[in-house]
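What follows is each chain in one-letter form.
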Amino acid sequence: MSEPQEFVPQKIQIGISSCLLGSEVRFDGGHKNSYYCAKEIAPFFEYTSICPEMAIGMGAPRRSIRQIKDGDVLLIQSADGTLDVTAKLHEFSQNKVQELGNLGGYIFCAKSPTCGMERVLEYKKGTNNSTKTGVGVFAKALMDKYPYLPVEEEGRLNDMVIKENFFTRVYAYHDWRNMMASGLTKHKLIQFHSRYKYLLMAHSPKWYRELGPVLANLEDLEASAQTYFEGLMTALKVKATRKNHTSTLQHIQGYFKKHLNARQKEELTDAIMKYRQGLLPLLVPMTLINHYLKEFPTEYIENQVYLNPHPEELKLRYAY
């Protein structure tokens, strides 16, 4: 048996840009308070808020900085180049990410030269010409250190599909770390895969097919587990489609064929097909399936993470 890994807090730790929680840390002394982050989802998580620019002593308000490309060198400077914080930000970022191994996800502030996850403006040195090709210095260091950590930008969480996908990954990542922390065994790894089969099917049939064989040979348990974990998080990053959800729901429906009467079968089939056509949200066939599970318990289906990948109170499947 493998030795248990580090302690994993029961409440998921989410890193977040400080400005999104209302802290007045922006260059102009303002904030970018997100009601969704600060109020709606805050009860479910424990936040670690970070502002790299404040952390290196820049203060607020302060001179604005930008990413400047000088050949192959990326500088973090003021527009006129008289203020250069490149070394300080890199040093802070590399040191800080070493302390963030307990995080279960991260929510970044978009467009920031330190915290932007993507499409950050990169300026050509000595000009105002820019391209949206940059990644924030701190964001890049974090993503490089923890490549499978679920990360998103706050603004993108307005998209229901992106939001649901992010939190599905957050809870799966946390579930995996809890399993590893309890001490990895072959049995636990196989059980984990068994619970995630239908979630994988909904996100990526390709990865669903490929991850099963990873568990066929567990002579090197740690290596197989790492391969599985990387595949799992890669698969879940693929956004589930109506087509794949429909296929998954139909597979689950098959477990009830001996129990449901003709009216119940028709009701469930109708709900699944109307979801497929975009006439009903995913919540409707899911609710029916959970209802039938109470009437006709099936342990294998009851244990499927697909049916409850995140707390119902987050309301992530209401508009899916």
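In this report, the structure presented in the accompanying data block is examined. (Residues numbered from 1 in each chain as written. Predicted model: local features only at pLDDT ≥ 70, side-chain atom pairs only at ≥ 80, totals over all residues. Heavy atoms only, no water.)

1. Some words on the overall build of the protein chain
- When you go through the protein chain residue by residue, the secondary structure sums to 12 helices and 8 strands.
- Seen through its principal axes, the protein chain has C-alpha atoms that stretch 75 × 50 × 35 Å.
- Restricting the contact set of the protein chain to residue pairs at least 6 apart, pairs at least 24 apart contribute 68%.
- A total of about 15800 Å² of accessible surface is found on the protein chain, and carbon and sulfur atoms cover 50% of it. (Helix = DSSP H or I, 4+ residues; strand = E, 2+ residues; numbered from the N terminus. Contact = heavy atoms within 4.5 Å. Areas by Shrake-Rupley, 256 points an atom, 1.4 Å probe, with all protein chains shown as cover.)

2. Quick look at the state of the cysteines
- Taken as a whole, this structure holds 0 disulfides when the rule is applied.
- Here Cys19 stays unpaired: no disulfide links it, and the sulfur of Cys109, its closest cysteine neighbor, is 3.7 Å away.
- For the unlinked cysteine Cys37, the closest cysteine sulfur is that of Cys19, found at 9.9 Å. (Disulfide = S-S within 2.5 Å.)

3. Some details on the pairing of strand β1 (residues 13-17)
- Buried residues dominate β1, accounting for 5 of its 5 residues.
- Burial along β1 is two-sided: Gln13, Gly15 and Ser17 and Ile14 and Ile16, pointing in opposite directions, are all buried.
- The pairing of β1 with strand β2 (residues 46-50) spans 5 bridges and is parallel. Bridged to Gly15 within β2 is Thr48.
- In this fold, the crossover linking β1 to β2 by way of helix α1 (residues 35-40) has right-handed handedness.
- Summarising the sheet, β1 and strand β5 (residues 103-108) pair through 4 bridges and their orientation is parallel. (Buried < 20%, exposed > 50% of the residue type's maximum accessible area, 1.4 Å probe, protein only. Pairing = 2+ DSSP bridges. Right-handed = clockwise from strand over helix to strand, strands pointing away.)

4. Notes on the nonpolar core
- If you look at the biggest cluster of nonpolar residues, it comprises 69 residues, and the most contacted ones within it are Tyr106, Phe108, Phe138, Trp176, Leu189, Tyr228 and Tyr306.
- Those residues in contact with Tyr306 that lie beyond four places of it in its chain are Tyr198, Leu199, Ala202, His245, Thr248, Leu249, Ile252, Leu282, Met286 and Arg317.
- If you look at the next biggest cluster of nonpolar residues, it comprises 20 residues, including Ile12, Cys109, Phe167 and Leu316. (Core = buried A, V, L, I, M, F, W, Y, C linked by side-chain atoms within 4.5 Å.)

5. A closer look at the sheet that holds strand β3 (residues 66-70)
- Ordered by their spatial adjacency, 4 strands build an open sheet running β4-β3-β6-β7, and the pairing between neighbours is mixed. Edge positions in the sheet fall to β4 (73-77) and β7 (130-134), since each of these pairs with one other strand and no more. Going across the sheet, the axis of each strand differs from the next one's by a mean of 40 degrees, ignoring polarity. (Axes fitted to C-alpha atoms, helices over the stretch in contact; angles between N-to-C directions.)

6. Side note on the pairing of strand β6 (residues 120-124)
- As paired strands, β3 and β6 are joined by 3 bridges and run parallel to one another. Across the sheet, Ile68 pairs through a bridge with Tyr123, a residue of β6.
- Connecting β6 to the next strand, β7, in antiparallel fashion are 5 residues, including Gly126 with a positive phi near 80 degrees.

7. Description of the packing of helix α3 (residues 86-97) against helix α4 (residues 137-145)
- Orientation of α3 relative to α4, taken along the N-to-C sense of each, is 35 degrees, at an axis distance of 9 Å. Once α3 is placed against α4, the crossing between them reads as right-handed. On α4, the residues that touch Leu89, His90, Phe92, Ser93, Gln94, Lys96 and Val97 of α3 are Val137, Phe138, Ala141, Leu142 and Lys145. (Left-handed = near helix turned anticlockwise from the far one by under 90°.)

8. Quick word on the pattern of salt bridges
- All chains considered together, the criterion is met by 11 salt bridges.
- The closest approach of N and O atoms between Arg63 and Asp80, which form a salt bridge, is 3.1 Å. In this pair, Arg63 is assigned in the loop between α2 (52-55) and β3 and Asp80 in the loop between β4 and α3, connecting sequence segments 17 residues apart.
- Classification of Arg63 as partly exposed rests on a relative accessible area of 42%.
- Overall, Asp80 belongs to the exposed group, its relative accessible area being 52%. (Salt bridge = Lys/Arg side-chain N within 4 Å of Asp/Glu carboxyl O.)

9. Structural notes on the sheet that holds β2
- The strand order across the open sheet built from 4 strands is β2-β1-β5-β8, with neighbouring strands paired in parallel fashion. Two strands lie at the open edges of the sheet, namely β2 and β8 (151-153), each paired on one side alone. The mean angle between the axes of side-by-side strands here comes to 25 degrees, regardless of whether they run parallel or antiparallel.
- Of the pairings in the sheet, the one linking β5 to β8 comprises 3 bridges and is parallel in character. Across the sheet, Phe108 pairs through a bridge with Glu153, a residue of β8.
- Relative to the sheet, helix α5 (residues 160-181) contacts β1, β5 and β8, its axis offset from that of β5 by approximately 155 degrees.

10. Things to note about helix α8 (residues 221-237)
- Across its 17 residues, α8 extends 24 Å between first and last C-alpha, which sits within 8% of the 24 Å expected from 1.5 Å per residue.
- Turning to α8, its buried residues are Leu221, Ser224, Ala225, Tyr228, Phe229, Gly231, Leu232, Met233, Ala235 and Leu236. (Expected span 1.5 Å × (residues − 1).)

11. Notes on α3
- Along its 12 residues, α3 runs 17 Å from first to last C-alpha, staying within 8% of the 16 Å computed at 1.5 Å per residue.
- Elements that come into contact with the buried residues of α3 comprise β2, α2, β4 and α4.

12. Remarks on the packing of helix α6 (residues 186-203) against helix α7 (residues 205-214)
- Two elements in contact, α6 and α7, have axes whose closest approach is 6 Å; the angle formed by their N-to-C orientations is 150 degrees. Regarding the angle of α6 to α7, the classification is roughly antiparallel. For the pair α6 and α7, the contacting residues are His193, Lys197, Leu200, Met201 and His203 in the first and Pro205, Tyr208, Leu211 and Gly212 in the second.
- Counted by class, the contact of α6 with α7 contains 5 nonpolar, 3 polar and 1 charged residues. (Parallel < 35°, antiparallel > 145°, perpendicular 65-115°, else oblique. Nonpolar A, V, L, I, M, F, W, Y, C, P; charged D, E, K, R; others polar.)

From the geometry alone we can't say anything about function, so treat these as descriptive.
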